[in-house]
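# Observations on the three-dimensional arrangement
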Amino acid sequence: MSWTALHLEDIPLDERRFPIRRHLGITAFGVNAWRGAEVGDRVIDDHDELVEAHEELYLVVSGRAAFTLDGDEVDAPPGTLVFAAPEAQRGAVAAEPGTVVLAIGAEPGRPFSPSGWEEWADLGMTELVEGGRYEEAAERYASALERHPDHPGVLYNLACMLSLAGRDDEALERLAQSIERFAKSAHYAREDPDFDPLRNDPRFEALTAPRSNDARA
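My aim in this report is to walk through the structure given alongside it, one point at a time. Remember, it's a predicted structure, so these values are computed and weren't measured experimentally.

### A short note on the sheet that holds strand β6 (residues 72-76)
The strand order across the open sheet formed by four strands is β3-β8-β5-β6, and the pairing between neighbours is antiparallel. A strand with exactly one partner marks an edge of an open sheet, and here the two such strands are β3 (42-47) and β6. Along the sheet, successive strands turn relative to each other by an average axial angle of 20°, direction set aside. Judged from the five bridges that link them, strand β5 (residues 65-69) and strand β8 (residues 90-94) form a sheet pairing that is antiparallel. Considered in β8, the bridge of A66 is made with V93.

Listed below in structure tokens is the structure:
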């Protein structure tokens, strides 16, 4: 069958995400929807897209969202479109119960591949991490590296899991590879509690020492 029609609620909710791309088997672009059940619930995490280089378009489907974009506040009732370039710092919370925001993204000029973040969600990593099952989390997330061997975000997340699992040498190796591909990973690591087990390791300190190209990455 060459087409599909369904209601958003027909897609099983994955925590607070409707995994549209995965459910429909879309391969040309990233698309998901996020729900905030109560006022103040996070619908779009605070982030930029410098690692993925994705342009993103958000559409408020229901409820009302309060966006923050590079420090500016945007009130977004249903029907509001918000576009964010990769470098824009963005995030949104529900301003009304039952807020749903559709997010569409891809990197300009390149064939689409699912982001490292989607790998995290699709592999069910949150449950493992919240349960303190770090060794299992590291083993499971390593499969994402087989699909994205040069992805700085995947390398970084794997380094986090290896650090928490006490596998210091492997964690440092993966972190070094992430920083090599995306210098700002060093900045993230300096503030990331996942690397607390490595905080006093001289090798970690050397890897994450501030460099002049951190801010330009």
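### Focus on unusual backbone geometry
The backbone phi angle of E15 is positive, close to 60°, even though this residue is not glycine. At A53, a residue that is not glycine, the phi angle is positive and equals roughly 60°.

### Some words on the nonpolar core
Core analysis: the biggest nonpolar cluster contains 27 residues, and M125, Y141, M161, L175, F195 and F204 have the highest contact counts within it. Take this core: its biggest share by element is eight residues, from helix α5 (residues 152-164). Once residues within four sequence positions are removed from consideration, Y141 is found in contact with G116, E119, W120, L123, M125, G153, V154, N157 and L158. Core analysis: the second largest hydrophobic core is formed by 16 residues, V60, A84, A94 and V101 among them.

Calculation rules
- In this numbering scheme, every chain counts its residues from 1 along its sequence in written order.
- Selection of residues for local features in this predicted model requires a pLDDT of at least 70, selection of side-chain atom pairs for listing and counting requires 80 or more, and totals for whole chains, interfaces and linings are taken over all residues.
- Hydrogens and waters are ignored; side-chain quantities use all the structure's heavy atoms.
- Strands are labelled as partners when DSSP assigns at least two bridges between them.
- Each helix is a run of H or I in the DSSP string that is no shorter than four residues. Each strand is a run of E no shorter than two, and both are numbered from the N terminus.
- Axis definition: a line fitted to C-alpha atoms, over the contacting stretch in the case of helices. Angles run 0 to 180 degrees between N-to-C directions.
- Nonpolar core, defined: a set of buried Ala, Val, Leu, Ile, Met, Phe, Trp, Tyr and Cys residues in which side-chain atoms within 4.5 Å join the residues together.
- Relative accessible area decides the class of each residue, using a 1.4 Å probe on protein chains only: under 20% of the type maximum gives buried, over 50% gives exposed, and in between gives partly exposed.
- A contact between two residues is defined here by any heavy atoms of the two lying within 4.5 Å.

Nothing here speaks to function; it is geometry throughout.
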